[in-house]
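Per-entry structural report
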Amino acid sequence: MTTKPTTDAPTVHTEEHDGVLVITIDRPRVRNAIDGATARALADAFDQLDTHDDLMVGVLTGAGGTFSAGMDLKAFAKGDTPVIPGRGFAGLTRTQLRTPLIAAVEGWALGGGTEMALACDLIVAAEDATFGLTEVAFGLVPPEGGIVRLPERIPRNIAVEILLTGDPLPAERAHQLGLVNHLTPPGETLTKAVDVARRIARNAPLSIAAVKRVVNERTAYGDQDAFRQQDHLVAPVLASHDAQEGAHAFAEKRPPHWEGR
């Protein structure tokens, strides 16, 4: 095993395990929330995964018992965005990786954290993990895969309820719905994810690449078209006064005061 820290930020590091690249978000004090610097470091790690021929599968996880609390709202309130043009949230959600990626989810995966997991090909989650798309409570919407991908992964009516209420989705329920591939005891998701990754990595590279490409290009109305249509509808929401109010209310630990503008 070799260890290679990213150069742009100490909040992300990578480890290679016999053709498997483990990418770890390391901001446990803020529950691995993603700011701009962390997004850029993650983008570099995904580039490493996709450009090194000896890497067959990636595993994305978080340090300190949490996958990710999503967008760093305090940074966002100061104008720092974790969305990279053309690549999406955390440099992942709108990036079309050719290499399979597995999410190893411990603890919370909130907002953009859930959207990162949805951008992965498989999800391994701890039995006590929780997913959540809570943006509506902050005057936002989940535009980086939550609206586009969740209704494809679980029954539409349940996805709509989660998106409209912001209620959490426990990992056991997510497993029952087919969103999660494997459940593990707490603390064991990375071990299981690496095991699954190695089972994939031992197969023929061209076969792996072909399977992923065909699945991703399954319909004429693919993810990129869906994102374009979605962006037209939600851009006014993300640019609204209420979106800023939600972030400031979170940072100031007070209830938001919505104005509908």
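The sections below set out a description of the structure shown in this document. Small disclaimer: the values here were computed from a predicted structure and weren't measured.

Looking now at the pairing of strand E2 (residues 12–17). Consecutive residues of a regular strand have side chains that alternate between opposite faces of the sheet. When E2 meets strand E3 (residues 20–25), the two strands line up antiparallel, connected through 6 bridges. Residue Glu 16 lies in a different strand from E3, and its bridge partner there is Leu 21.

As for its position among the elements, Asp 35 is in the loop between E3 and helix H1 (36–51). For Asp 35, a relative accessible area of 15% corresponds to the buried category. A polar contact of 2.6 Å, which involves the side chain of Asp 35, links it to the side chain of Thr 38. Not counting residues up to four positions away in its chain, the partners in contact with Asp 35 are Arg 27, Asp 72, Ala 75, Asp 80 and Pro 82.

Next up on the list: the sheet that holds strand E8 (residues 108–110). Two pairing modes exist for strands in a sheet, parallel and antiparallel, and in both the strands are linked by backbone hydrogen bonds. The 3 strands are arranged E8-E10-E11 in an open sheet whose pairing can be described as mixed. The sheet terminates laterally at E8 and strand E11 (169–170), the two strands that pair on one side only. Alignment of strand E10 (residues 130–132) against E11, held across 2 bridges, turns out to be antiparallel. Paired with Phe 131 across the two strands is Leu 169, which belongs to E11. Its contacts with the sheet put helix H3 (residues 112–119) on E8 and E10, and the angle it makes with E8 is roughly 95°.

Moving on, we come to unusual backbone geometry. Most of the time, phi is negative for any residue but glycine, and the peptide bond is trans. Positive phi is not limited to glycine here, since Arg 31 has a value of about 55°. For Arg 31, the location among the structural elements is in the loop between E3 and H1. With a relative accessible area of 38%, Arg 31 lands in the partly exposed category. For Ala 90, which is not glycine, the phi dihedral falls at a positive 60°. Along the chain, the position of Ala 90 falls in the loop between strand E6 (88–89) and strand E7 (101–105). By relative accessible area, Ala 90 is classed as buried at 0%.

Criteria and cut-off values
- Residues numbered from 1 in each chain as written.
- Predicted model: local features only at pLDDT ≥ 70, side-chain atom pairs only at ≥ 80, totals over all residues.
- Heavy atoms only, no water.
- Pairing = 2+ DSSP bridges.
- Helix = DSSP H or I, 4+ residues; strand = E, 2+ residues; numbered from the N terminus.
- Buried < 20%, exposed > 50% of the residue type's maximum accessible area, 1.4 Å probe, protein only.
- Polar contact = N/O pair within 3.5 Å; in protein donor to acceptor, adjacent residues only side chain to side chain.
- Contact = heavy atoms within 4.5 Å.
- Axes fitted to C-alpha atoms, helices over the stretch in contact; angles between N-to-C directions.

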